[in-house]
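Reading the structure
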Amino acid sequence: PEEDLDLISVHVYGGLCRLAVADASEVLLVEIYRNICAWALALQHSLAGPTGITGELLWGWASGDPLWAQVLVKGVLALEPAGSEAAPDRQLLLPGNLPELKAAALQALSGLPS
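Residues numbered from 1 in each chain as written. Predicted model: local features only at pLDDT ≥ 70, side-chain atom pairs only at ≥ 80, totals over all residues. Heavy atoms only, no water.

**With respect to the confidence of the model for the chain**
- With 68% of its residues at a pLDDT of 70 or more, the chain has an overall mean of 76.
- Mean pLDDT across the secondary structure elements of the chain bottoms out at helix α1 (residues 2–18), with 59, and peaks at helix α5 (residues 98–110), with 91. (pLDDT = per-residue confidence, 0-100. Helix = DSSP H or I, 4+ residues; strand = E, 2+ residues; numbered from the N terminus.)

**Here we look at α5**
- Between its first and last C-alpha atoms α5 spans 18 Å; for 13 residues at 1.5 Å apiece the expected length is 18 Å, and the two agree.
- Of all the positions in α5, only L98, L101, K102, A104, A105 and A108 are classed as buried. (Expected span 1.5 Å × (residues − 1). Buried < 20%, exposed > 50% of the residue type's maximum accessible area, 1.4 Å probe, protein only.)

**What to know about unusual backbone geometry**
- Non-glycine residue S63 carries a positive phi angle of around 55°.
- Looking at the element boundaries, S63 is found in the loop between α3 (55–61) and α4 (66–77).

**Considering the environment of L112**
- For L112, the position within the fold is in the segment after α5.
- Through-space distance from the C-alpha of L112 to that of A69 is 8.9 Å; in sequence the pair is 43 residues apart.

As structure tokens, then:
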């Protein structure tokens, strides 16, 4: 249900805002938060049908909070596939359509209502 996503989003948002990577143990935590953002947006993107996620959908899912919308999109944009220079030791599974999801998330962010 939507209420469950709202509860999760509060914790993810708080964690991402407070988190400053200080040592190797926190790197995995940052990756986990980014993955939560990616999978949440991937789900929204796939459920949105052929249009994918739009600025209006992102705005609604972020409960009208522009900072939360930006944090979600930033979490997705910061992800790199396993084996890339940016993430040689990636341990977490990413959405298979990550490049498409990144493009859709950025387009949705640029289309937020004013």
